[in-house]
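# An overview of the molecular structure
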Amino acid sequence: MVPLKVPVRRGGVRVLQIDLSMVGETVRRTYRLRVDRVPGLTQRADWRDLREDAPDRYGAGCPGAERSRGAVGDAPGPVLCGDRPGAGVLLDAVLRGPDTRLKYPTWSVRLGTDGAKGRSAATAPAPALADRALLDSGAVRVGDVVTLRRSTGGSARLKIVGRIAAVPGVARDRPRLLADSRAMAAQLVLSGALPGPESVWWAGAARGDASAAWEAVRDSPRLGRAVDVPHARVELGEDPLRRGARGGLWLCLVLAPTFAVIAFTLHTVLSARARGREFALLRALGVRRGQLAAYLWTEQLALAGVAALLGTVLGAGLAAVIMPVVTVDAEGEPVFPGLLTEVPWVRVCGVAGGVTLVICGVVSGAARVLGRVDLGRVLRAGEDG
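A short tour of the structure in this document, coming up. (Residues numbered from 1 in each chain as written. Predicted model: local features only at pLDDT ≥ 70, side-chain atom pairs only at ≥ 80, totals over all residues. Heavy atoms only, no water.)

### Looking at the sheet that holds strand β4 (residues 79-83)
Spatially, 3 strands are ordered β2-β5-β4 in an open sheet, and the strand pairing comes out antiparallel. One side of each edge strand has no neighbouring strand; the edge strands of this open sheet are β2 (30-36) and β4. Averaged over all adjacent pairs, the angle separating strand axes in this sheet is 25 degrees, with direction ignored. As judged from the 7 bridges shared by β2 and strand β5 (residues 89-96), these two strands associate in the antiparallel manner. Looking at β5, one finds that aspartate 36 is bridged to valine 89. (Pairing = 2+ DSSP bridges. Helix = DSSP H or I, 4+ residues; strand = E, 2+ residues; numbered from the N terminus. Axes fitted to C-alpha atoms, helices over the stretch in contact; angles between N-to-C directions.)

### Section: the pairing of strand β9 (residues 155-164)
Alignment of strand β7 (residues 126-131) against β9, held across 6 bridges, turns out to be parallel. The partner of alanine 126 across the bridge, within β9, is leucine 158. Bridge count between strand β8 (residues 145-149) and β9: 5 bridges; the pairing is antiparallel. Within the sheet, the bridge partner assigned to valine 146 lies in β9 and is leucine 158.

### Let's talk about the sheet that holds strand β1 (residues 17-21)
Taken together, 3 strands build an open sheet; the order of strands is β1-β6-β3 and the sheet is antiparallel. Among the strands making up the open sheet, the edge pair consists of β1 and β3 (47-49). On average, each strand axis in the sheet is inclined to that of its neighbour by 30 degrees, with strand direction left out of account. When β1 meets strand β6 (residues 108-113), the two strands line up antiparallel, connected through 5 bridges. From the neighbouring strand, glutamine 17 faces β6, where its bridge partner is glycine 112.

### A few points about the pattern of salt bridges
Where charged atoms from two side chains of opposite charge approach closely, those side chains can pair. Evaluation of the coordinates by the stated rule reveals 8 salt bridges. Between arginine 29 and glutamate 25 there is a salt bridge, with its nearest N and O atoms 2.4 Å apart. On the basis of relative accessibility, which here comes to 38%, the residue arginine 29 falls in the partly exposed class. Residue aspartate 219 is joined to arginine 218 by a salt bridge in which the shortest nitrogen-to-oxygen separation is 3.5 Å. The exposure class of arginine 218 is partly exposed, given its relative accessible area of 49%. (Salt bridge = Lys/Arg side-chain N within 4 Å of Asp/Glu carboxyl O. Buried < 20%, exposed > 50% of the residue type's maximum accessible area, 1.4 Å probe, protein only.)

### Describing a nonpolar patch on the surface
Together, Trp250, Leu251, Leu253, Val254, Leu255, Phe259, Ile262, Leu266, Leu270 and Val351 make up an exposed nonpolar region whose accessible area comes to about 980 Å². The element best represented in the nonpolar patch is helix α7 (residues 240-274), accounting for 9 residues. Relative to the assigned elements, leucine 266 resides in helix α7. (Patch = residues over 30% accessible without salt bridge, like charges linked within 9 Å, V, L, I, M, F, W, Y side chains within 5 Å. Areas by Shrake-Rupley, 256 points an atom, 1.4 Å probe, with all protein chains shown as cover.)

### A short note on unusual backbone geometry
The backbone of arginine 37 sits at a positive phi, close to 55 degrees, despite the residue not being glycine. With respect to the helices, strands and loops of the structure, arginine 37 is situated in the loop between β2 and β3.

### Some points on the state of the cysteines
Per the counting criterion, the structure on display carries 1 disulfide. Here cysteine 62 is linked by a disulfide to cysteine 81, with a sulfur-sulfur distance of 2.0 Å. In this structure the cystine formed by cysteine 62 and cysteine 81 twists about its S-S bond by roughly -75 degrees; its chirality is therefore left-handed. Of this pair, cysteine 62 sits in the loop between α1 (57-60) and β4 while cysteine 81 sits in strand β4, and the two are 19 residues apart along the sequence. With relative accessibility at 11%, the residue cysteine 81 sits in the buried group. (Disulfide = S-S within 2.5 Å.)

### What to know about the nonpolar core
If you look at the biggest cluster of nonpolar residues, it comprises 13 residues, and the most contacted ones within it are Leu20, Trp47, Leu91, Leu95 and Leu111. Those elements giving two or more residues to this core turn out to be β1, β5 and β6. In terms of residue count, the dominant contributor to this core is β5 (4 residues). The residues contacting tryptophan 47, other than those within four sequence positions of it, are Val15, Leu16, Gln17, Ile18, Leu80, Asp83, Leu90, Leu91, Leu111, Gly112 and Thr113. Within the second largest apolar cluster, 9 residues are counted, among which are Ala126, Val140, Val146 and Ile160. (Core = buried A, V, L, I, M, F, W, Y, C linked by side-chain atoms within 4.5 Å. Contact = heavy atoms within 4.5 Å.)

### Some thoughts on the environment of arginine 57
For arginine 57, the location among the structural elements is in helix α1. Owing to a relative accessible area of 44%, arginine 57 belongs among the partly exposed residues under this scheme. Remark: the alpha-carbon pair of arginine 57 and cysteine 81, spanning 24 residues in sequence, is separated by 6.2 Å. Leaving out residues up to four positions away in the same chain, arginine 57 has contacts with Cys62, Ala65, Val79, Leu80 and Cys81.

Next comes the structure, spelled out in structure tokens:
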């Protein structure tokens, strides 16, 4: 006789599941397990094996089991041969041990009650969202009620109430459902099984600030690893591939204005030299040097303004298209949820305006120098030609 202690301080305990392990057995035996003298036991339990594939009791060698029609079925693991509940008895079961002749025998059996079977059928199904892959497969549709059965026992009824592109934080290599863990746990408990441990928790933060929760998890490593939007953004920014792309973009940001200034300066000089006779004729007609420089400055300013405007719009559009493509997760797939396109227009306009002003300054200096046309030399050169 072995006393069993239940770590519960108050009454109203309901036993839903019993796990039995027979690790280390070398011979298949028959066992009788009796749990009696339970204080406060008011309801008799009917125990059953929670495995989906019911084992063949005759094939397992249960005492008194009759052979069913057809071939003998499989019974590799521990098998519940029968249960004889009585007054004050929680469990009085006859079991057969594991089949030790197998290379990889099953050592444990999980027993559950049928007491909540009728109530679970009447319970409303838990709401769930189906991802795009599951809906595209045609297996379910929005509004359907499906039953999920676990290999370890227990079932849950879910109603597809909506759709979601994909479940964030998990691989998107197969269809998935997104359901409330509390509703799922209630469904499993009512079916006579225990809910499994949670591997991931999603927590809502007041006013969207999860800094306090992230710091609390960081200070307690036993709680796991916390991920929030700001820190995920920092991790993506520090990714080697993204750092390389960002370095290339910064290099373009530095070199592009430099080449633009050089190109506009050369264009101004070549344009003024090519139109030297035109400038000489304008001077001969009475146009002053300041007016000639202003004409050349206005022309180059218009070209620089149009170029800056088109370059800003095209650059922002190409960045919005290219950056989501080159940003991938650890599996090399596009980040989910997708990146939000956010163009810092103030910074972009500031850079474009600064480059335009530098170009205008350089062009203004060149225009003043080139506006000083030697009228006599140019006209004589024209007569010689």
